[in-house]
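# Architecture and fold: a report
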Amino acid sequence: MSIDLSQFISTFLEESYEGLEIMENGLLNLDSGDHETINTIFRAAHSIKGGAGTFGFDQVGEFTHNVETLLDHLRKERQLVTPAIINLLLESVDAIRALLAATQNGPATDKDQINQLDLRLLQAINGE
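Predicted model, so just to flag it, every value in this text is computed and none were measured.

### Quick look at the overall build of the protein chain
Within the protein chain, the regular secondary structure consists of five helices and zero strands. In sequence order, the secondary structure elements of the protein chain are arranged as α-α-α-α-α. Over its C-alpha atoms, taken along the principal directions, the protein chain stretches across nearly 45 × 30 × 25 Å. Looking at the protein chain residue by residue over its 128 residues, the buried ones come to 41%. Put simply, 72% of the contacts in the protein chain that link residues at least 6 apart link residues at least 24 apart. The positive charge centre, built from 8 side chains, and the negative charge centre, built from 20, are 6 Å apart in the protein chain.

Here it is, written out as structure tokens:
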């Protein structure tokens, strides 16, 4: 017996947009050493990534995976919270929002822009 997951997509999208608001607000108020806020932002990204995988939104999941990895580095203090990292993560929130909108027959995302942002995330993860 297979379950029709399409009935849950609207709930996933609604919760994802709420998660993006949490991420954005947390990033705008983030200070170095604020572990609670970093954990909250990480959990929101983790939920979006997991849901995207469940519903087959691969581009959302793959992109959010790199956001989650960078946030994990901040959580484990492998990386410092800097204005550049915060700005990169805020850009990533906007990108995830656009990727989610595209899943709802919204405007297509600029794949080159997403790829460039993804490359910058990978560079930040690698300490470049």
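Now that the structure is up, let's keep going.
### Quick notes on the environment of L121
With respect to the helices and strands, L121 occurs in helix α5 (residues 111–125). Remark: the alpha-carbon pair of L121 and T69, spanning 52 residues in sequence, is separated by 9.0 Å. Sequence-distant contacts of L121, that is, excluding residues within four places in its chain, are made with F63, N66, V67, L70, L88 and S92.

### Structural notes on the packing of aromatic side chains
Enumeration according to the criterion identifies three aromatic pairs in this entry. Ring geometry for F12 versus F55: centroids 5.3 Å apart, planes at 35 degrees, classification tilted. Of this pair, F12 sits in helix α1 (residues 9–28) while F55 sits in the loop between α2 (35–54) and α3 (58–75), and the two are 43 residues apart along the sequence. You can call F12 buried: its relative accessible area is 7%. One Lys or Arg, R75, reaches over the ring of F42 and ends 3.7 Å from the middle of that ring.

### Observations regarding the side chain of S16
Here S16 lies in helix α1. In contact with S16, other than residues within four places in its own chain, are I48 and L100.

Cut-offs and rules
- Residues numbered from 1 in each chain as written.
- Predicted model: local features only at pLDDT ≥ 70, side-chain atom pairs only at ≥ 80, totals over all residues.
- Heavy atoms only, no water.
- Helix = DSSP H or I, 4+ residues; strand = E, 2+ residues; numbered from the N terminus.
- Buried < 20%, exposed > 50% of the residue type's maximum accessible area, 1.4 Å probe, protein only.
- Contact = heavy atoms within 4.5 Å.
- Lys, Arg positive; Asp, Glu negative; His and termini not counted.
- Charge placed at Lys NZ, Arg CZ, Asp CG, Glu CD.
- Phe/Tyr/Trp six-rings, centres within 6.5 Å; stacked < 30°, edge-to-face > 60°.
- Lys NZ or Arg CZ within 6 Å of the ring centre and 35° of its normal.

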